[in-house]
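# A look at the structure
Residue-level listing of the chains:
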Amino acid sequence: MKSAAILAFGASEDVLTTRQRGKRPPSGTPALAAEPAQADRFSKARSARSASMLEDYTELIADLIAASGEARTTDIARRMGVAHPTASKTIARLKREGLARAQPYRGIFLTEAGAAMAKAVRQRHRLVVDLLLAVGAPREAAEADAEGIEHYVSAATLRAFEAFLRSHGER
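Keep in mind that what you see is a predicted model, and the values were worked out from it rather than measured. (Residues numbered from 1 in each chain as written. Predicted model: local features only at pLDDT ≥ 70, side-chain atom pairs only at ≥ 80, totals over all residues. Heavy atoms only, no water.)

## As for the overall build of the chain
Along the backbone of the chain there are 8 helices and 2 strands. Seen in sequence order, the chain has helices and strands lined up from the N terminus as α-α-α-α-α-β-β-α-α-α. Here the contacts in the chain between residues at least 6 apart in sequence split such that 48% fall between residues at least 24 apart. Carbon and sulfur atoms make up 55% of the accessible area of the chain, which totals about 11,200 Å². (Helix = DSSP H or I, 4+ residues; strand = E, 2+ residues; numbered from the N terminus. Contact = heavy atoms within 4.5 Å. Areas by Shrake-Rupley, 256 points an atom, 1.4 Å probe, with all protein chains shown as cover.)

Structure, rendered in structure tokens:
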């Protein structure tokens, strides 16, 4: 019996059948990575997913402070497109992680570590946007796509992006 999830991703019956029998998949089908390497990739993706929310919040808080002198939970929730309790919960996590502090009736402020995180995220975002624009992506798509890519791209890949842009006179 075929798995609907596997077939939904385009695996052919031949690939599915040969994999079930423990044989090599037909040519053109990518081979699986070694288990430790694949586990490491998934672990890095899970870690990036966990950190991405904190990175987005620190970047937004820095932007709000730069634009209006303060970052209020209400403004953060609205700009993140989440409910006020969701923003409050994430801000509490930022405080626990030493990335932000709050002052009564004054809003949310970043610690040195939070400001450093926001700066690093902003730099990664700009680099990814610049690369996407250099390969022909429309600006709006590049900005939107960079919001996801910036959290998952490795330092080695970022260096390659930078080298590519420099070699093409884009930086």
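## A short note on the packing of helix α6 (residues 112-134) against helix α8 (residues 155-167)
Contact geometry for α6 and α8: axes closest at 10 Å, N-to-C directions at 50°. Classified by the angle their axes make, α6 and α8 are oblique. The crossing of α6 and α8 is left-handed. On α8, the residues that touch Arg124, Leu127, Val128, Asp130, Leu131 and Ala134 of α6 are Leu158, Phe161, Glu162, Phe164 and Leu165. Classifying every residue of the contact of α6 with α8 by side-chain character gives 8 nonpolar, no polar and 3 charged. (Axes fitted to C-alpha atoms, helices over the stretch in contact; angles between N-to-C directions. Parallel < 35°, antiparallel > 145°, perpendicular 65-115°, else oblique. Left-handed = near helix turned anticlockwise from the far one by under 90°. Nonpolar A, V, L, I, M, F, W, Y, C, P; charged D, E, K, R; others polar.)

## Concerning the environment of Glu162
Note on placement: Glu162 falls in helix α8. Taking the relative accessible area as the measure of exposure, Glu162 reaches 17% and is therefore buried. Spatially, the C-alpha atom of Glu162 lies 9.0 Å from that of Val128, the residues being 34 residues apart in sequence. Dropping the residues within four chain positions of it, Glu162 is found in contact with Leu127 and Arg171. (Buried < 20%, exposed > 50% of the residue type's maximum accessible area, 1.4 Å probe, protein only.)

## Some remarks on the nonpolar core
Ranked by internal contacts, the top residues of the largest apolar core, which has 17 residues, are Tyr57, Ile61, Ile76, Leu94, Ile108 and Leu110. Where this core is concerned, the elements lending two or more residues are α3 (35-68), α4 (73-80), α5 (84-96) and β2 (107-110). The element best represented in this core is α3, accounting for 6 residues. Ile76 has contacts with Tyr57, Leu60, Ile61, Leu64, Ala71, Ala87, Ile91 and Ile108, leaving out every residue within four places of it along the chain. Counting residues in each nonpolar core, the second largest holds 11 residues, with Val129, Leu132, Val153 and Leu165 among its members. (Core = buried A, V, L, I, M, F, W, Y, C linked by side-chain atoms within 4.5 Å.)

## Remarks on α6
Helix length check: α6 (23 residues) gives 33 Å between terminal C-alpha atoms against 33 Å at 1.5 Å per residue, within 8%. If you check which residues of α6 are buried, you get Gly114, Ala118, Val121, Arg124, His125, Leu127, Val128, Val129, Leu131 and Leu132. Directly after α6, the chain includes Gly136, whose backbone phi takes a positive value near 105°. (Expected span 1.5 Å × (residues − 1).)

## Concerning the side chain of Thr58
Summarising the element assignment, Thr58 is placed in helix α3. Since its relative accessible area comes to 0%, Thr58 is described here as buried. Leaving out residues up to four positions away in the same chain, Thr58 has contacts with Leu94, Leu99, Leu110, Gly114, Met117 and Ala118.

## What to know about the pattern of salt bridges
Scanning the model with the defined rule gives 9 salt bridges in all. Linking Arg124 and Glu55 is a salt bridge whose minimum nitrogen-to-oxygen distance equals 2.8 Å. In this pair, Arg124 sits in helix α6 while Glu55 sits in helix α3, placing the two residues 69 residues apart along the sequence. Of the two residues, Arg124 and Glu55, both sit in the buried class. Of the charged contacts, one joins Glu143 and Arg126 as a salt bridge, the two residues approaching to 3.0 Å between their closest N and O atoms. You can see Glu143 sitting in helix α7 (residues 139-152) and its partner Arg126 sitting in helix α6, a full 17 residues away along the chain. The exposure class assigned to Arg126 is partly exposed, which follows from its relative accessible area of 33%. (Salt bridge = Lys/Arg side-chain N within 4 Å of Asp/Glu carboxyl O.)

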